[in-house]
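Topology and contacts: notes
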Amino acid sequence: MSRQPTTPRRGAANGLRDWRDALVAVVAGFAAMLAVAAAGLWAAGAADLPGGAFPRVVAAVVVLAAGGEVALTGDAGFLARSQAELSVMPLSVSLVGALVAGTAFLRPLRHRAVAGTREVLGRFARLAVLWLAALAGLTAAARTTFRIPLDGDSLLTGIGEFLDIAPRVGFRAETGPSLLYGLLWLIGVAALALLASRRAALPPRLAGVRETVGPAAYAMVWLLLAYVVVGLVAGIVDAATQGHPRRSFAVVLLGLPNLAWPALTLGMGATWEGRVEGPFGLPVPQVLDTMLRGEDRTTLNVATLAEQDARAWWLVVVAAVLVPAAAFLMAARSPARTRPREHALRMGAALALTMLVVCLTGRIAAHYGLSLLGVGDLAGLDGEVSLQPRLWAAVGIGLGWGILAGLLGALTATSGRRRAR
C-alpha cells in the first residue's frame, strides 16, 4: 500500500524532467543559430543597418534557417508598384541548429537498450511544442522596413523628389508557412538523428529499420560534414590570403554549405543554372560571380567552371575520394551478413536522396523591382539573383554514383573483415 501514493509523484517527476530536456534542446538549438547568424551578419556589415534593424535581421535569418519563409516588401506610396521574391536558406545556421538540437534531443535516450514508442513520441511532441513556440516568437520579431533615399539624376528620381516620395523596402516573416515548414524541418532533424545514432534507444519495432537504414544515414551525414570541413579550410585560406577576411567569414558563418554541398553535386557531374543581375549578388567566389553576370542564364558544371579556373577539376577528385569513403563507412557499420548488392542499392538510394535534399535546400531565387507610376525601375533597385539545379538529372547521377561506390565499399569492407579473421 505504501507504494501507491508514490507512483503519481514519480510519473509527474518524469514528465517535468522530459519537459526540462525538451526546453534545454530548444534553448540550445536557437541560441546556437542566433549566435552564428549574428556573427555572420556582423561580418557582412549588417550591424550598420538604420533604425536598430540588426536584431530583426538576425531573427529573419534564423527563421529562414529553421525552414521558415520571409517575404520581401516594398512601396513608395499609392503611385508605386513593387515586385519581390526571396527563396534562400542560410545552411550554415541550419546546420549548427540541427547538430545542437539533434544532439540535445538524443542525450536522454543514450546509454539505454530500448525505449518505448510512447516515450519517444512524447519527447518529440514536447520538443515540437516548445520549438514552434520559440519559432513563432522569432517570426513576430522578424519584420522591419527601411527607407531608401532617392539619389541620381534620372527622370523617375526627379518625379519622386517632386512628389516627396521615397521608396521603402523591408521584409516580413510569414507565420503560418514558417511554423509548418519549421515543424517539417524539426521532424527531419529528429528522424535523421535517431537513425544515424547507434547509442540512442529506439522502440523494438524500429530497431530493424535502423539496422537497415542507419548505416546509410550515418554515411550521408559524414559525407556532408566532410564537405563542410573541406569548405571551411578553403574559407580560412581565402580569408588569410585574399585580403577580405570579414567577407570570407560572413560566407562561412552564413552560407558555407550553400557552396560546399553544391560542390559535391558538381564534382559528381551535376549541372546548375544561374544568373546575377543588378546591384545584388551571391556570396560566391569572384570567378563564379563573374560567370553568372551575363545576359542569359549561365550553365554551371565542372567543364564550364574549368574554362575560367582549371582548379575546378579538383571537385571531381574530391568527390571520387569522399563518396567511396562514405560507402566504405556505410559497409563497415552494416551487419556482416549484408550482401554487396544490398549495399550498392542502399548507397544508391541514400546518395540520390542526399542529392535531392542538397538541390532543394541549396537553390537560390531572389528578385526585387520597384517602379514609379508603373514605368521603369526606381533608383536602380531592380535586381535578380538565381541559382537552380537540374534536379532530376542530379538525382539520377547520385543514384549511379551511389550504386558503384556502394559496391566498391562493400567489397573493400568484406576484404577487410576476411583479413581481420
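Right above here is the structure, for reference.
Note that the structure is predicted; figures quoted are calculated from it, not measured.

1. Focus: the overall build of the protein
Along the protein, the regular secondary structure elements total 13 helices and eight strands. Counting the 421 residues in the protein, one finds 45% classified as buried. By sequence separation, contacts in the protein at least 24 residues apart represent 77% of the contacts at least 6 residues apart. A total of about 21,200 Å² of accessible surface is found on the protein, and carbon and sulfur atoms cover 64% of it.

2. Brief notes about helix H3 (residues 91-106)
Its 16 residues give H3 an end-to-end C-alpha distance of 22 Å, which sits within 8% of 22 Å, the value for a rise of 1.5 Å per residue. What H3 keeps buried is the set Leu91, Ser92, Val93, Ser94, Leu95, Gly97, Ala101, Gly102, Ala104, Phe105 and Leu106.

3. With respect to the pattern of salt bridges
Within the structure shown, the criterion is met by eleven salt bridges. Among the ionic contacts, a cluster of salt bridges with common partners joins Asp18, Arg20, Asp21, Arg107, Glu119, Arg123 and Arg126.

4. Considerations on the side chain of Thr338
With respect to the secondary-structure elements, Thr338 resides in the loop between helix H11 (314-333) and helix H12 (340-362). Taking the relative accessible area as the measure of exposure, Thr338 reaches 11% and is therefore buried. Only 3.0 Å separates the side chain of Thr338 from the backbone oxygen of Pro335, close enough to count as a polar contact. Not counting residues up to four positions away in its chain, the partners in contact with Thr338 are His343 and Arg346.

5. Describing the packing of aromatic side chains
The tally for this structure, following the rule as stated, stands at two aromatic pairs. A centroid spacing of 5.6 Å and a plane angle of 20° characterise the contact between Trp131 and Trp185, whose relative ring orientation is stacked. Placement of the pair is Trp131 in helix H4 (residues 117-141) and Trp185 in helix H6 (residues 175-196), with a sequence separation of 54 residues. For Trp131, a relative accessible area of 0% corresponds to the buried category. An aromatic cluster is present here, built from Phe30, Trp131 and Trp185 joined pairwise through their rings. The ring of Trp42 carries the charged tip of Arg246 above its face, separated from the ring centre by 4.3 Å. Sitting over the ring of Tyr218, Arg333 keeps its end group 3.6 Å from the ring centre.

Scoring rules and cut-offs
Residues numbered from 1 in each chain as written. Predicted model: local features only at pLDDT ≥ 70, side-chain atom pairs only at ≥ 80, totals over all residues. Heavy atoms only, no water. Helix = DSSP H or I, 4+ residues; strand = E, 2+ residues; numbered from the N terminus. Buried < 20%, exposed > 50% of the residue type's maximum accessible area, 1.4 Å probe, protein only. Contact = heavy atoms within 4.5 Å. Areas by Shrake-Rupley, 256 points an atom, 1.4 Å probe, with all protein chains shown as cover. Expected span 1.5 Å × (residues − 1). Salt bridge = Lys/Arg side-chain N within 4 Å of Asp/Glu carboxyl O. Polar contact = N/O pair within 3.5 Å; in protein donor to acceptor, adjacent residues only side chain to side chain. Phe/Tyr/Trp six-rings, centres within 6.5 Å; stacked < 30°, edge-to-face > 60°. Lys NZ or Arg CZ within 6 Å of the ring centre and 35° of its normal.

Scope: geometric values only; no functional claims are made or implied.
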